[in-house]
Amino acid sequence: MIDNLPPCPKCSCEYTYEMNALVVCPECGHEWVPAEGAQDSGAPAERVVRDAVGNVLQDGDSVVVVKALKVKGSPSGIKAGTKVRGIRLVDGVDGHDIDCRIDGFGAMQLKSSVVKKA
């Protein structure tokens, strides 16, 4: 059992508690594994997003779609080879971690596993 539980990294709540191997925040519901001997710098850990071939993606990069994608509500999908400029990395739903605007389709979210860095 950890004597001094760390505050929540999402909302900074100090009333966290231990549940099995996780630490849980009662206010926002965030769960995480406490790191042994972790640095208490207060900064969240940097998340690394990689494309389909392993290149590290960053905000503002241009990517190319590597496989044809079906788009709900559209008669035609996104073709392989479509170039997307100015991506933003987000914590999306269901693995969709790229927020972008595609010409002809508008704003949408993509998975990093279906794109490669241009």
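Conventions and cut-offs
- Residues numbered from 1 in each chain as written.
- Predicted model: local features only at pLDDT ≥ 70, side-chain atom pairs only at ≥ 80, totals over all residues.
- Heavy atoms only, no water.
- Helix = DSSP H or I, 4+ residues; strand = E, 2+ residues; numbered from the N terminus.
- Buried < 20%, exposed > 50% of the residue type's maximum accessible area, 1.4 Å probe, protein only.
- Lys, Arg positive; Asp, Glu negative; His and termini not counted.
- Salt bridge = Lys/Arg side-chain N within 4 Å of Asp/Glu carboxyl O.
- Polar contact = N/O pair within 3.5 Å; in protein donor to acceptor, adjacent residues only side chain to side chain.
- pLDDT = per-residue confidence, 0-100.
- Contact = heavy atoms within 4.5 Å.
- Pairing = 2+ DSSP bridges.

**Describing the side chain of Asp51**
Working step 1: Within the secondary structure, Asp51 is located in the loop between β4 (49-50) and β5 (56-57).
Working step 2: Of the side chains with opposite charge, Arg50 lies nearest to the buried Asp51, which makes no salt bridge, at 7.2 Å.
Working step 3: Here the side chain of Asp51 touches Gly54 through a polar contact of 2.9 Å, landing on its backbone nitrogen.

**Regarding the pattern of salt bridges**
Working step 1: Applying the stated rule across the entire model yields two salt bridges.
Working step 2: For Lys117, the salt bridge identified is with Asp61, shortest N-O distance 3.6 Å. Placement of the pair is Lys117 in strand β11 (residues 115-117) and Asp61 in the loop between β5 and β6 (63-65), with a sequence separation of 56 residues.
Working step 3: Residues Arg88 and Asp99 are paired through a salt bridge, measuring 2.3 Å at the closest nitrogen-oxygen approach. One end of the pair, Arg88, is in strand β8 (residues 88-89); the other, Asp99, is in strand β9 (residues 96-102), and 11 residues separate them in sequence.

**Observations concerning the confidence of the model for the protein chain**
Working step 1: Confidence along the protein chain averages 85 in pLDDT terms, with 89% of residues attaining 70 or more.
Working step 2: Ranking the elements of the protein chain by mean pLDDT puts strand β3 (residues 31-32) last, at 85, and β6 first, at 96.
Working step 3: Residue range residues 37-41 is modelled with pLDDT below 50. Its contacts to residues more than four positions away, or to other chains, number zero contacts.

**Notes on the sheet that holds β3**
Working step 1: Spatial strand order, β1-β2-β3: three strands in an open sheet with antiparallel pairing. Lying at the two open borders of the sheet, with one neighbouring strand each, are β1 (17-19) and β3.
Working step 2: Pairing geometry for β1 and strand β2 (residues 22-24), over three bridges, is antiparallel. By the bridge assignment for β2, Glu18 is matched with Val23.

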